[in-house]
Amino acid sequence: MALLKVKFNQKKRVKLAQGLWLMNWFSVFAGIIVFSMGLFLKIELRKRSEVMDNSESHFVPNSLILMGILSCAFNGFAGKICYDSLDPTKFAKWKPLLKPYLALCFFFNILIFFVALICFLMRGSLESTLAQGLKNGMKFYRDTDTPGRCFMKKTIDMLQIEFKCCGNNGFKDWFEIQWISNRYLDFSSKEVKDRIKSNVDGRYLVDGVPFSCCNPSSPRPCIQYQVTNNSAHYSYDYQTEELNLWGRGCREALLHYYSSMMSSMGAVVLLVWLFEMSVMVGLRLLHTSLESIPNPEDPECESEGWILENSLKDTLKSALESLKKMGKFNQVEAGAEGAEGEEAGKTPAITTVS
């Protein structure tokens with residue numbers, strides 16, 4: 001028994017073809033939106049590529065760009081088929097291509113669904129990428145004279161100001177690295193020498209943070225040096241008082257920014273997937289209803305359209321049997337080739353009598 005069998009007359013077939021033509025052009029527009037989302041996300045990731053450890057995060061925008069291009073191509077082609085289906089003479093040239101095209105549409109829809117899931121599941125990979133990238137970026141904050149790293153200070157400062165964050169996980173991350181360049185340290189000062197000697201790695205560590213960690217909304221002047229020294233500031237307790245530094249780490253801020261963006265894009269891609277699935281189902285019904293017309297010379301006669309010629313169970317069963325036959329056929333071919341090789345390897349013995 002066919003799956004989702006529907007009866008059509010000429011009027012219904014024409015309406016279905018016209019509706020599918022319109023839906024395909026809406027899908028082309030949706031493909032442009034998906035492409036634009038991928039391009040926007042790629043640009044946003046490129047802006048902060050210096051604080052990202054690898055390029056894995058670009059898999060999502062690249063996939064969205066590819067899906068957008070394929071969606072425009074597939075649906076533009078389907079729109080042409082639906083338009084020509086109104087004329088039997090024009091539709092005849094598309095008949096041999098419809099089954100392969102519908103098979104491609106099926107795999108294309110699987111890919112769209114996969115991309116939508118990736119948009120929701122990339123949070124873990126993005127978190128590790130940001131954590132390591134920010135850690136490395138903070139180490140290079142002081143290297144304003146080193147080629148290739150001279151803009152890292154500006155990048156980190158602008159990042160902390162824009163996203164209202166400080167450090168990787170928090171402001172205390174700055175206490176563990178030397179973020180002040182040696183060229184701005186007075187090595188004749190006893191305090192500087194003592195700080196460097198007290199550290200095993202010979203680094204100049206302070207309980208201070210860059211100016212970009214300061215919260216301009218705080219009524220108190222920014223305390224960016226001796227943050228943990230209560231006696232260095234009047235009426236101050238860094239453990240109980242709300243600091244005038246950004247309390248959120250940049251990893252968390254960036255992760256929230258990109259995750260919410262990817263989740264929104266994933267929701268849009270899921271809607272596009274549902275729309276594409278409905279277009280594919282409609283195109284299959286149109287294809288079968290046109291092929292099952294009993295008298296092609298009488299286009300006004302009724303016909304039947306369906307999604308699958310047999311039930312889902314029977315279709316899966318026949319597909320499995322086909323795969324088994326293909327496997328057996330390959331085994332027979334391999335066995336035949338092996339037998340030919342053995343026969344070719346045998347050399348007949350020749351006895352010479354003198």
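What counts, and at which threshold
Residues numbered from 1 in each chain as written. Predicted model: local features only at pLDDT ≥ 70, side-chain atom pairs only at ≥ 80, totals over all residues. Heavy atoms only, no water. UniProt positions renumbered as here; feature names shortened; annotations may be inferred. Disulfide = S-S within 2.5 Å. Helix = DSSP H or I, 4+ residues; strand = E, 2+ residues; numbered from the N terminus. Buried < 20%, exposed > 50% of the residue type's maximum accessible area, 1.4 Å probe, protein only. Phe/Tyr/Trp six-rings, centres within 6.5 Å; stacked < 30°, edge-to-face > 60°. Salt bridge = Lys/Arg side-chain N within 4 Å of Asp/Glu carboxyl O. Axes fitted to C-alpha atoms, helices over the stretch in contact; angles between N-to-C directions. Left-handed = near helix turned anticlockwise from the far one by under 90°. Contact = heavy atoms within 4.5 Å. Nonpolar A, V, L, I, M, F, W, Y, C, P; charged D, E, K, R; others polar. Patch = residues over 30% accessible without salt bridge, like charges linked within 9 Å, V, L, I, M, F, W, Y side chains within 5 Å. Areas by Shrake-Rupley, 256 points an atom, 1.4 Å probe, with all protein chains shown as cover.

As annotated in an unreviewed UniProt entry, the chain is Peripherin-2 from Chauna torquata. We quote the UniProt Subcellular location (unreviewed entry) comment for the chain here in full: "Membrane". Under the UniProt heading Sequence similarities (unreviewed entry), the entry covering the chain gives this text: "Belongs to the PRPH2/ROM1 family."

Visitor: Even after reading the chapter, I still don't get the state of the cysteines, so can you show me in this structure?
Guide: The term disulfide refers to a covalent linkage connecting the sulfur atoms of a pair of cysteines. Enumeration over the complete set of coordinates arrives at three disulfides. Between the sulfur of Cys-165 and that of Cys-250 lies a disulfide, 2.1 Å long from S to S. The sign of the 85° torsion about the S-S bond sets the Cys-165-Cys-250 disulfide as right-handed. In this pair, Cys-165 sits in the loop between helix 6 (152-163) and helix 7 (190-197) while Cys-250 sits in helix 8 (residues 250-291), placing the two residues 85 residues apart along the sequence. For the residue pair Cys-165 and Cys-250, the accessibility class agrees, reading buried in each case. Here Cys-214 is linked by a disulfide to Cys-222, with a sulfur-sulfur distance of 1.7 Å. Where Cys-214 bonds to Cys-222 through sulfur, the torsion about that S-S bond is close to -60°, and the disulfide is left-handed. The exposure class assigned to Cys-214 is buried, which follows from its relative accessible area of 15%. For the chain, the bonded cysteines connect in the pattern 1-6, 2-3, 4-5 when numbered consecutively along the sequence.

Visitor: Help me out: how do you make sense of the packing of aromatic side chains in this one?
Guide: Geometry of an aromatic ring pair is reported as the spacing of the ring centres plus the angle between the planes. Per the stated rule, a full pass over the model turns up 12 aromatic pairs. Their ring planes at 15° and their centres at 6.2 Å tell us that Trp-179 and Tyr-225 sit as a pair that is stacked. Residue Trp-179 is found in the loop between helix 6 and helix 7, and its partner Tyr-225 is found in the loop between helix 7 and helix 8; the two are separated by 46 residues along the sequence. Overall, the relative accessible area of 8% leaves Trp-179 in the buried class. Ring centres of Tyr-257 and Tyr-258 lie 5.2 Å apart, and the angle between their planes is 65°; this geometry places the pair in the edge-to-face category. Note on Tyr-258: relative accessible area 0%, which makes it buried.

Visitor: Explanation requested: the pattern of salt bridges in the structure shown.
Guide: Within this structure, the stated rule accounts for nine salt bridges. Lys-47 serves as the salt-bridge partner of Glu-44, at 2.9 Å between the closest nitrogen and oxygen. Of the two residues, Glu-44 and Lys-47 are both situated in helix 1 (residues 10-47); the distance of three residues between them amounts to about one turn of the helix. The closest approach of N and O atoms between Glu-162 and Arg-48, which form a salt bridge, is 3.1 Å. Taken as a pair, Glu-162 in helix 6 and Arg-48 in the loop between helix 1 and helix 2 (59-84) lie far apart in primary sequence, 114 residues in all. With a relative accessible area of 51%, Glu-162 lands in the exposed category.

Visitor: Looking at this structure, I do not really get the packing of helix 5 (residues 123-139) against helix 8. What am I missing?
Guide: Helix-helix packing is described using two parameters, namely the angle between the two axes and the distance between the axes. For the pair helix 5 and helix 8, the least separation of the axes is 10 Å and the interaxial angle reads 145°. As helix 5 packs across helix 8, the resulting crossing turns out to be right-handed. Residue-level contacts link Arg-123, Leu-126, Glu-127, Leu-130, Ala-131 and Leu-134 of helix 5 to Cys-250, Arg-251, Leu-254, Leu-255, Tyr-258, Ser-259 and Met-262 of helix 8. A per-class count over the contact of helix 5 with helix 8 returns nine nonpolar, one polar and three charged.

Visitor: I keep staring at the environment of Lys-11 and nothing clicks. Help me out?
Guide: Following the sequence through the fold, Lys-11 ends up in helix 1. For Lys-11, a relative accessible area of 58% puts it in the exposed group. A sequence separation of 289 residues divides Lys-11 from Glu-300, and the C-alpha atoms of the two residues are 8.1 Å apart.

Visitor: Looking at this model, I keep getting lost on a nonpolar patch on the surface. Mind explaining?
Guide: Side chains of Trp-21, Leu-22, Trp-25, Phe-26 and Tyr-83 sit close together on the surface and give an oily, nonpolar patch of about 560 Å² of accessible area. For the nonpolar patch, the element with the highest residue contribution is helix 1, accounting for four residues. Position of Leu-22 among the secondary structure elements: in helix 1. Residue Leu-22 is classed as partly exposed on the basis of its relative accessible area, which comes to 45%.

Visitor: Which parts of the structure should I look at to understand the UniProt feature "transmembrane region" (unreviewed entry) in the chain?
Guide: Cross-referencing UniProt, the feature "transmembrane region" (unreviewed entry) maps to residues 20-41, 62-81 and 101-122 in the present numbering. With 100% helix and 0% strand, the stretch residues 20-41 has end C-alpha atoms that lie 31 Å from each other. For residues 62-81, the helix share is 100%, the strand share is 0%, and the end-to-end C-alpha distance is 29 Å.

Visitor: Help me out: how do you make sense of the side chain of Gln-160 in this one?
Guide: Along the chain, Gln-160 falls in helix 6. According to the relative accessible area criterion, Gln-160 is buried, its value standing at 1%. Beyond its immediate sequence surroundings of up to four residues, Gln-160 is in contact with Cys-165, Cys-166, Gly-167, Trp-174, Pro-210, Ser-212, Cys-213, Trp-246 and Cys-250.

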